[in-house]
Amino acid sequence: MTDGSTQQDGTGAAGEDGAAFGRRREDRAGRVVRVAAVGDFHVGEKDGGLYRDLFARVNDEADVLLLAGDLTRRGFPAEIEVVIKELADVRVPILAVLGNHDHESGNVERVNELLRARGIHLLDEAPFELNEHVGFAGVKGYMGGFGRYTLTAFGEAHTKDFVGTTLEEVQKLEFSLRRLSTPVRVVLLHYAPIMDTVMGEPEQIFPFLGNDRLVEPIDRFKAAVVFHGHAHHGTFRGSTPGGVPVFNVSMVRVREDAGAPMYYVHEIPIPRDDAESAHAPEPGVEQPAGRAS
C-alpha cells in the first residue's frame with residue numbers, strides 16, 4: 001500500500017478522450033489497481049487553488065479517485081463550482097458520494113447536476129465498473145449507532161422515520177453491490193459502517209457518525225475494501241466482522257495517519273484466477289453498472 005505523497009515509477013499517458021489511467025503498469029499485467037480516496041476537505045467559495053496541485057498528482061499515483069463526501073462546507077452550488085475547478089487537472093475517473101455538509105443548503109439536485117457535468121460519477125445513483133476486474137458501489141449511508149446501542153424503529157413516528165432512512169441506505173448499498181459483475185468490489189461511503197474507525201471521537205456522538213447495519217451487505221458480497229469519511233477525529237483503519245478492511249479517509253486522518261497531503265492510495269491485487277472467482281454476483285441482476293470507457 002502507498003499513500004498520496006509517494007511518487008511511483010512508470011508512465012501514465014492520457015488517451016484521446018483525456019482519460020489517463022495513472023500508473024497502471026503493463027509489466028504488472030494489470031494485476032494491481034490503485035485507488036485514491038479522500039473525504040471531508042470542505043471547500044468554501046474562497047478556497048480556489050487550495051487543492052488543485054495536490055489533486056493533479058493522482059494521475060501519476062492511482063487509477064481512480066474516490067471522494068467520500070463533505071466536499072463542501074454548506075453544499076452551495078458556488079462551493080461545488082470551486083470543487084470542480086480544484087479537480088480540473090484530474091484525468092483518472094472520479095467517483096463520489098455526498099456527505100451531510102453537501103446536503104446542508106438543500107441544493108442536492110443542483111450539486112449533483114454540476115458534478116455530473118464535470119464527468120464525476122455519483123455512486124449513489126449507480127455503481128461503476130473500472131474494468132472487468134474491479135467495480136465500485138457506494139451510498140452516503142446514515143446515522144444509527146453500533147452494536148447493542150443501535151437505534152431501533154420503536155416509539156415515535158420521527159424515530160421510525162430516522163431508522164427507516166438508515167435501512168433505505170443499507171438496501172441501496174445492497175442493490176448497488178448486487179448489480180456489479182466484477183469479481184472485486186470496492187465500497188465508498190460517507191458515514192462509518194463500523195465502530196472501530198470512529199474510535200477517538202467523543203463516545204456520546206458515535207450514533208451520529210454511522211451505523212453497523214451497513215456491514216451486512218459489505219460482508220455478504222465480500223467487498224475487497226471500504227472507504228468512508230465523516231469521523232474527522234476517528235481512527236484511520238479498522239475491519240468488519242468478516243475481515244473486510246475499512247479506511248477512514250477523512251482528510252484529517254489521511255494527513256495525520258497516512259502521512260499524505262491529500263488522499264490515501266490503496267493497492268488492490270487482482271487474483272489471476274478472477275474469472276473463476278467465487279465472488280460472482282447473485283442471481284437477479286437486471287441492470288448493468290456503469291463502465292469506464
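One can find the structure itself at the top, above this paragraph.
Report follows, based on the coordinates. Please read all numbers here as calculations on a predicted model, not as lab measurements.

**So, helix 3 (residues 77-86)**
Point 1. Listed in full, the buried residues belonging to helix 3 are Glu-79, Ile-80, Val-82, Val-83, Ile-84 and Glu-86.
Point 2. Looking at the buried side of helix 3, the elements it contacts are helix 1 (52-56) and helix 5 (108-118).

**Re the pattern of salt bridges**
Point 1. The tally for this structure, following the rule as stated, stands at 13 salt bridges.
Point 2. The partner of Lys-172 in a salt bridge is Glu-169, with the nearest N and O atoms 3.3 Å apart. In this pair, Lys-172 and Glu-169 are both assigned in helix 6 (residues 157-179), three residues apart and thus about one turn of the helix distant.
Point 3. Here Glu-169 falls in the buried class, since its relative accessible area comes to 8%.
Point 4. For the salt bridge of Glu-216 with Arg-220, the shortest nitrogen-to-oxygen distance reads 2.7 Å. Of this pair, Glu-216 and Arg-220 both sit in helix 7 (residues 215-220), four residues apart, which is roughly one turn of the helix.
Point 5. Assessed through its relative accessible area of 41%, Glu-216 is described here as partly exposed.
Point 6. It is possible to trace a salt-bridge network through shared partners that takes in Glu-174, Arg-178, Glu-216 and Arg-220.

**Things to note about the packing of aromatic side chains**
Geometrically, a pair of aromatic rings is defined through the distance of the ring centres and the angle of the planes.
Point 1. Applying the stated criterion to the full structure yields eight aromatic pairs.
Point 2. A ring pair is formed by Phe-41 and Tyr-51, whose centres lie 6.0 Å apart and whose planes are at 75°; its orientation type is edge-to-face. Highlighted residues: Phe-41 in the loop between strand 2 (32-38) and helix 1 and Tyr-51 in the loop between strand 2 and helix 1, separated in sequence by 10 residues. The residues Phe-41 and Tyr-51 share a single accessibility class, namely buried.
Point 3. Look at Phe-236 and Tyr-264: their rings are 5.1 Å apart centre to centre, the planes differ by 90°, and that puts the pair in the edge-to-face class. Here the residue Phe-236 occupies a position in the loop between strand 9 (225-228) and strand 10 (237-239), and Tyr-264 occupies one in strand 12 (residues 264-269), the gap between them amounting to 28 residues. Like Phe-236, the residue Tyr-264 is buried in the burial classification.

**A look at unusual backbone geometry**
Negative phi values dominate among residues other than glycine, just as trans dominates among peptide bonds.
Point 1. In this structure, His-42 takes a positive phi of about 45° despite not being glycine.
Point 2. Structurally, His-42 is set in the loop between strand 2 and helix 1.
Point 3. Look at Lys-222: it is not a glycine, yet its phi comes out positive at around 55°.
Point 4. Its place among the elements puts Lys-222 in the loop between helix 7 and strand 9.
Point 5. Here Lys-222 falls in the partly exposed class, since its relative accessible area comes to 47%.

**A short note on the layout of surface pockets**
Point 1. Within this model, the second largest pocket holds a volume of roughly 180 Å³.
Point 2. Every residue lining the second largest pocket is listed: Ala-96, Val-97, Leu-98, His-103, Val-108, Asn-112, Leu-122, Asp-124, Glu-125, Lys-140, Glu-169 and Lys-172.
Point 3. Put simply, the parts of the chain that give the lining of the second largest pocket at least two residues each are strand 4 (94-97), helix 5 and helix 6.
Point 4. Taken together, the residues that form the lining of the second largest pocket break down as five nonpolar, two polar and five charged.

**Topic: the environment of Asp-53**
Point 1. Locating Asp-53 in the fold gives a position in helix 1.
Point 2. We classify Asp-53 as exposed; its relative accessible area is 61%.
Point 3. Separated by 36 residues in sequence, Asp-53 and Asp-89 place their C-alpha atoms 8.2 Å apart.

**What about helix 5?**
Point 1. Residues of helix 5 that are buried: Val-108, Val-111, Asn-112, Leu-114 and Leu-115. Angularly, the buried residues of helix 5 cover 160° about the axis, an arc narrow enough to put them on a single face. In helix 5, those exposed residues whose orientation departs by more than 90 degrees from the buried face are Glu-109 and Ala-117.
Point 2. Phi for Gly-119, located one or two positions after helix 5, is positive at around 90°.

**Examining the pairing of strand 12**
Point 1. Within strand 12, five of the six residues are buried, leaving the element largely enclosed by the surrounding structure.
Point 2. Note that strand 2 and strand 12 share six bridges and pair antiparallel. Each residue of the ladder has a partner; that of Val-33, found in strand 12, is Ile-268.

What counts and how
- Residues numbered from 1 in each chain as written.
- Predicted model: local features only at pLDDT ≥ 70, side-chain atom pairs only at ≥ 80, totals over all residues.
- Heavy atoms only, no water.
- Buried < 20%, exposed > 50% of the residue type's maximum accessible area, 1.4 Å probe, protein only.
- Helix = DSSP H or I, 4+ residues; strand = E, 2+ residues; numbered from the N terminus.
- Contact = heavy atoms within 4.5 Å.
- Salt bridge = Lys/Arg side-chain N within 4 Å of Asp/Glu carboxyl O.
- Phe/Tyr/Trp six-rings, centres within 6.5 Å; stacked < 30°, edge-to-face > 60°.
- 1 Å grid on protein atoms, 1.4 Å probe; cavity = no way out; pocket = protein on both sides within 12 Å on 5 of 7 lines; lining within 4 Å.
- Points joined across faces, edges and corners; volume = space filled by probe spheres on them.
- Nonpolar A, V, L, I, M, F, W, Y, C, P; charged D, E, K, R; others polar.
- Arc of directions from axis to C-beta.
- Pairing = 2+ DSSP bridges.

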